[in-house]
Amino acid sequence: MKYLLDFNLEEFKEELVKIGENSFRAKQIFQWIYKEVYDFENMKNIPSPLKSKLKASFDLSLPKIVEEYTSSSDGTKKLLVSLKDNNLIECVIMKYNHGNTICISTQVGCRMGCKFCASTIDGRIRNLTAGEMLGQVLLAQNLMKERISNIVLMGSGEPLDNYDNVMKFLEIVNAEYGLNIGQRHITLSTCGIVPKIYELADKGLNVTLAISLHAFSDEKRKEIMPIANKYSISEIMEACEYYIKKTNRRITFEYSLVKGINDSKEDAKALGNLLKGKLCHVNLIPVNEIKEKEYRKSTKEDIDIFEKTLRKYGVEATVRREMGADINAACGQLRRSYLEISN
Ligand code: SAH
């Protein structure tokens, strides 16, 4: 059976024509779906014979919640979600004043190998389809009984390592016939796959690009991120300049602070030098400690000094508020602990 959420409007029109139906029905069906009607029976303007055909050919189920944790401090929800083939992914829903934000996964596992990240420990199992990414957003909307207004692609997986599916997902999220979420409300985070950054810039999508930098020099970066062996920081910076030129969007640089590895005042100065004068913002993330690795969080004092030092270079920086700290919301941790217990 085909997964209906995997189709954009044009593709679904073709699917309907293939089963002898009129393509105008596609838009009607999409209107129901994005009004959160997932049972073909309840699609009132769809004739019964077509309902039967749809039921026979298309699956419109959402992924299933296996575990749900809610932070008692800030209402952040962390979900462990199972896909049709029983693979597990995680997503996080954060309540901000400006609306609900969902952090979605783009792959089961990840093959980028960043040293401090739990998602990548067993490598990449598979890419998610566009529909499986959409399913996470619809599931969250259904659970919250409120609109999701912002999406960050910062869960498990490397979005630019699953480029085509992620692009289709962004198209449907953005489309008026789909979720109608503005590109400015979407952030795509990447470890820095340079050719794909150019491709994304040329698409003219205007989503916010977040680059996981985590170090100021190639040498240091190679110690914690294998992708640094493939693309240098200067190549990433050039690609970012291109992205800024094309989209006029400010770039976010993510920098996870790890005690004794990349959190000294010298690191901050070098990072300040690298980024000064750029249209950017630095998101400092106190590293989330995972039990498989010995990396430790920087002290509050060091984080504070790091932030202030960057500011001296005119580089805007904020420390990411630790949402849902009481529910262990770090990348890939929930899936790992679940798999360990059930195996
Ligand atoms: N693959 C993409 C997106 C997924 S991770 C990327 O690399 O950007 C989202 C962010 O969380 C990345 O900046 C990643 O490096 C960071 N991250 C992963 N594990 C972490 C941990 N244990 N503590 C702090 N940040 C972490």
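Residues numbered from 1 in each chain as written. Predicted model: local features only at pLDDT ≥ 70, side-chain atom pairs only at ≥ 80, totals over all residues. Heavy atoms only, no water.

1. Section: the overall build of the protein
Let me state the cut-off plainly: Labels follow the DSSP assignment, with helices taken as runs of H or I lasting at least four residues and strands as runs of E lasting at least two, numbered in each case from the N terminus. Summary of the burial criterion: residues with accessible area below 20% of their type's maximum are buried, those above 50% are exposed, and those between are partly exposed, where the area comes from a 1.4 Å probe applied to protein chains only. Throughout, a contact is declared for two residues whenever any of their heavy atoms are within 4.5 Å. Every accessible area reported is derived by Shrake-Rupley at a probe size of 1.4 Å, with residue values counting cover from the shown protein chains alone.
When helices and strands are counted, the protein shows 11 helices and 14 strands. In terms of principal-axis extent, the alpha carbons of the protein reach across some 70 × 45 × 35 Å. Going through the 343 residues of the protein one by one, you find that 55% of them count as buried. Put simply, of all contacts in the protein between residues at least 6 apart along the chain, 66% involve residues at least 24 apart. Of the roughly 15200 Å² of accessible surface on the protein, a fraction of 48% belongs to carbon and sulfur atoms.

2. Digging into the UniProt feature "binding site: S-adenosyl-L-methionine" (unreviewed entry) in the protein
In plain terms, the rule: UniProt positions are given in the numbering used here, feature names are shortened, and annotations may be inferred rather than shown by experiment.
Residues given the UniProt feature "binding site: S-adenosyl-L-methionine" (unreviewed entry) here are G157, E158, S189, S212, L213, H214 and N288. Along the chain, the position of S189 falls in strand 10 (residues 186-190). Judged by relative accessible area, which is 9%, S189 ranks as buried. Every residue in contact with S189, bar those within four places of it in the chain, is listed here: L153, M154, E158, P159, A210, S212 and E254.

3. Regarding the sheet that holds strand 14 (residues 317-319)
The cut-off we apply is this: DSSP calls a pair of strands paired once it identifies at least 2 bridges connecting them. Axis lines are fitted through C-alpha atoms, for helices just across the contact stretch, and the angle between N-to-C directions can take any value from 0 to 180 degrees.
Spatially, 10 strands are ordered 3-4-5-6-9-10-11-12-13-14 in an open sheet, and the strand pairing comes out mixed. The open sheet is flanked by strand 3 (64-70) and strand 14, the only strands paired with a single partner. On average, adjacent strands in this sheet sit at an angle of 20° to one another, irrespective of strand direction. Here strand 6 (residues 99-103) pairs with strand 9 (residues 148-153) via 4 bridges, running parallel.

4. Considering the site of the ligand
In plain terms, the rule: It suffices for a single heavy atom of a residue to lie within 4 Å of a molecule or strand for the residue to be listed as near it. Counted as a polar contact is a pair of N or O atoms within 3.5 Å, where, for protein atoms, one must be capable of donating a hydrogen and the other of accepting one, and residues adjacent in sequence contribute only when both atoms are in side chains. Nonpolar residues are Ala, Val, Leu, Ile, Met, Phe, Trp, Tyr, Cys and Pro. Charged residues are Asp, Glu, Lys and Arg, and all others, Gly as well, are polar.
The environment of the ligand is formed by 18 residues, the closest being S189, S212, H214, S256 and N288. Taking H214, its side chain carries an N or O atom lying 2.6 Å from an oxygen atom of the ligand. A distance of 3.2 Å separates an oxygen atom of the ligand from a polar atom in the side chain of E254. For the ligand, the protein covers 94% of the area, taking 530 Å² as the surface of the free molecule. For the shell around the ligand, the secondary-structure elements that each account for two or more residues are strand 10 and strand 12 (251-257). Of the residues contributing to the shell around the ligand, the split by class is 8 nonpolar, 8 polar and 2 charged.

5. Overview of the nonpolar core
Which entries qualify depends on this criterion: In this description, a nonpolar core means a group of buried Ala, Val, Leu, Ile, Met, Phe, Trp, Tyr and Cys residues linked to one another through side-chain atoms lying within 4.5 Å.
Ranked by internal contacts, the top residues of the largest apolar core, which has 103 residues, are F12, I33, I151, F169, L170, L188 and F253. It is helix 4 (residues 130-144) that contributes the most residues to this core, 8 residues altogether. Those residues within four positions of L188 in sequence are excluded, and the remaining contacts are L153, P159, L160, V166, M167, L170, L200, V207, T208, L209 and A210.

6. Notes on the packing of aromatic side chains
Going by this rule: Two aromatic rings, drawn from Phe, Tyr or Trp (for Trp, its six-membered ring), form a pair once their centres lie within 6.5 Å of each other, and the interplanar angle then sorts them: stacked below 30 degrees, edge-to-face above 60, tilted otherwise.
With the rule as written, the count across this model stands at 8 aromatic pairs. Measuring from centroid to centroid gives 5.0 Å for Y198 and Y242, while their planes differ by 50°, and the two rings are tilted. Note that Y198 is positioned in helix 6 (residues 194-203) and Y242 in helix 8 (residues 233-247), a separation of 44 residues in sequence. Each residue in the set F7, F12, F30, Y34, F58 and Y177 is aromatic and connected to the rest through ring pairs, giving one cluster.

7. Here we look at the pairing of strand 9
Two faces make up the sheet, and in a regular strand the side chains alternate between them. Note the following rule: Handedness of a crossover is defined as follows: orient the strands so they point away from the viewer, and if the path from the first strand over the helix to the second runs clockwise, the crossover is right-handed.
Most of strand 9 sits inside the fold, with 6 of its 6 residues counted as buried. Both strand 9 and strand 10 contribute to a ladder of 3 bridges, which runs parallel. Note that in strand 10 the partner of L153 across the bridge is L188. Remark: the strand 9/helix 5 (residues 163-174)/strand 10 crossover connection has right-handed handedness.

8. Considerations on the UniProt feature "active site" (unreviewed entry) in the protein
The UniProt record marks E90 and C331 with the feature "active site" (unreviewed entry), using the residue numbering of this structure. Within polar-contact distance, the side chain of E90 engages the side chain of K78 at 2.7 Å.

9. What about unusual backbone geometry?
Located in the positive-phi region is N86, a residue other than glycine, with phi close to 70°. Tracing the chain through its elements places N86 in the loop between strand 4 (77-82) and strand 5 (88-96). We note that N206 has phi near 65°; this positive angle belongs to a residue other than glycine. Its location among the elements puts N206 in the loop between helix 6 and strand 11 (208-212).

10. Quick word on helix 3 (residues 48-57)
In plain terms, the rule: Our arc is simply the arc of the directions from the helix axis toward the C-beta atoms.
Within helix 3 the residues assigned to the buried category are L50, K51 and L54. Each buried residue of helix 3 sits inside an arc of 105° when the element is viewed along its axis, so together they form one side. The exposed residues of helix 3 that point more than 90 degrees off its buried face are S48, P49 and A56. Where helix 3 is buried, its residues meet helix 1 (9-18), helix 2 (25-33) and strand 2 (58-59).

11. Thoughts on the domain arrangement of the protein
What counts here: Where each domain begins and ends follows an automated or database-derived domain assignment. Accessible area that two parts lose when put together, evaluated with a 1.4 Å probe and summed over both, is termed the buried area. In the sections that follow, a salt bridge refers to a side-chain nitrogen of Lys or Arg positioned within 4 Å of a carboxyl oxygen of Asp or Glu.
For the protein, the assigned domains are domain 1 (2-59) and domain 2 (64-327). Averaged C-alpha coordinates put domain 1 and domain 2 at centres separated by 34 Å. With 12 residues of domain 1 at the contact, the number on the domain 2 side is 16 residues. Three residues, D6, Y34 and E36, lead the burial of domain 1 against domain 2; their summed loss comes to 41% of the area buried on that side. K84 serves as the salt-bridge partner of D59, at 3.3 Å between the closest nitrogen and oxygen.

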